[in-house]
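So you can see what is in the structure, the chains are spelled out below.
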Amino acid sequence: MNTVPLINTMLLLFGMLAIGFLAGKIRLMTEEMNRQLSSFLVSVTSPLQILGSVLSGSFPMSNREVLLLTLLTLPLYAVLIGLSFLIPKIFRVKPSSSAVLRFLFIFSNIGYLGYPLVESMYGVAETFYVTVFVLAFQFVCWTYGVYLLASGAEDAADAEKPDSAAGASAKSGGQISWRLFLSPCIIAAVAAYILYFLRVPCPALLYKIIYQAGAVTSPLAMTILGCSLAYMKAGEVFGRWQIYILAAVRMLVLPVLFFLVLRTFIRNETMLRITTLILCMPSGTNATLMSYRYGADAKLGSAGVFITTLLSAGSIPLMMSILFR
């Protein structure tokens, strides 16, 4: 399997991370600017990236294949959430840290890394495969993921309060609001589904505007991550041994197990390749973006995203070469 396009795309994204890191070090980007950019990315460019995947005019999957892949995504997340409950028991970390580690384990970098990697290897028309996963990702991330990080942030705050105040806070927090289902990314993913099923044509100029605006999402996400790392000490980034174990299980062991199961259900070779590629992704940049937004441990989230992304530069080409010789 030719992994050169994949490696080149990852090097490009790491270059954007380096730019963000340098901008943070010389204070051209501040932590407050990072938070604002995170909000802009989640609310504007990421939804446009999702819509851009379906407006090219090409439809590589039949509606039946879309439904099949959709039905496979939810059990995958159920397995990941179930396995994540072992993390606090294995690592024995405080609840606020275990929440972020569980988030890193459950949610991979499907959108911000998936779109450019799939496009570089298979073409822009095939990026709708990613959108199928993005819909499930957004639904679970903006409901259970928010609950997980918000609860972890509350645990950290409660530890600093008197018992009575902590108890009152615990009762009031960690709720899943119906408003989370109206997040821009979920709305965009549902709209992309409808447009795909109806085969709705899009004017060329409108598609170009949406595609170009959405294309900045992945580089911007890596720049935000790089800036976040600039405000951390080396020990805070590389000294978390739990992240390395989590990365080995999440990026090496589980993709092989999932591949062995999924190849019995998926007959479409391209679908199987892209699904496996997505399963090999590192932890999602949302761990950083959403930790900023919901008051969780953004430094642990950033360290986890960076380490797993760094390791994925070797692990993804290795896994794809082994599984698809």
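Residues numbered from 1 in each chain as written. Predicted model: local features only at pLDDT ≥ 70, side-chain atom pairs only at ≥ 80, totals over all residues. Heavy atoms only, no water.

Student: Would you explain the packing of aromatic side chains in this entry?
Tutor: One pair of aromatic rings is described through two measures. These are the centre distance and the angle between the planes. Within the structure shown, the criterion is met by 12 aromatic pairs. Relative to Phe197, the ring of Tyr193 has its centre 5.9 Å away and its plane inclined at 50°; by these criteria the two rings are tilted. Taken together, the positions of Tyr193 and Phe197, both in helix H9 (residues 184-198) and four residues apart, correspond to about one turn of that helix. Here Phe197 falls in the partly exposed class, since its relative accessible area comes to 26%. Joined through ring pairs, the aromatic side chains of Phe59, Phe128, Tyr193, Tyr196 and Phe197 make up one cluster. Over the face of the ring belonging to Phe85 we find Arg102, whose NZ or CZ atom lies 4.1 Å from the ring centre. (Phe/Tyr/Trp six-rings, centres within 6.5 Å; stacked < 30°, edge-to-face > 60°. Helix = DSSP H or I, 4+ residues; strand = E, 2+ residues; numbered from the N terminus. Buried < 20%, exposed > 50% of the residue type's maximum accessible area, 1.4 Å probe, protein only. Lys NZ or Arg CZ within 6 Å of the ring centre and 35° of its normal.)

Student: Can you help me understand the side chain of Thr309 in this one?
Tutor: Among the secondary structure elements, Thr309 is positioned in helix H16 (residues 298-323). What makes Thr309 buried here is its relative accessible area of 1%. Every residue in contact with Thr309, bar those within four places of it in the chain, is listed here: Met10, Phe14, Met222 and Pro282. (Contact = heavy atoms within 4.5 Å.)

Student: What am I meant to see in empty space enclosed by the protein here?
Tutor: If a probe as big as a water molecule is rolled over the atoms, it shows which places are left empty. Considering all chains together, one arrives at two cavities of 30 Å³ or more under this definition. Residue lining of the largest cavity: 15 residues in total, with Gly111, Tyr112, Phe137, Gln138 and Asn286 positioned closest to the centre. Counting only elements with at least two residues in the lining of the largest cavity, the list comes to helix H2 (31-52), helix H6 (110-122) and helix H7 (128-158). The dominant element in the lining of the largest cavity, judged by the number of residues it contributes, is H6, at four residues. Among the residues forming the lining of the largest cavity, the class breakdown is six nonpolar, nine polar and no charged. The wall of the second largest cavity is formed by Thr73, Leu76, Tyr77, Leu80, Ser108, Ile110, Phe133, Arg250, Ile278 and Leu279. The set of elements that each furnish at least two residues to the lining of the second largest cavity consists of helix H3 (63-84) and helix H14 (269-279). The element contributing the most residues to the lining of the second largest cavity is H3, with four residues. Of the residues assigned to the lining of the second largest cavity, the class counts are seven nonpolar, two polar and one charged. (1 Å grid on protein atoms, 1.4 Å probe; cavity = no way out; pocket = protein on both sides within 12 Å on 5 of 7 lines; lining within 4 Å. Points joined across faces, edges and corners; volume = space filled by probe spheres on them. Nonpolar A, V, L, I, M, F, W, Y, C, P; charged D, E, K, R; others polar.)

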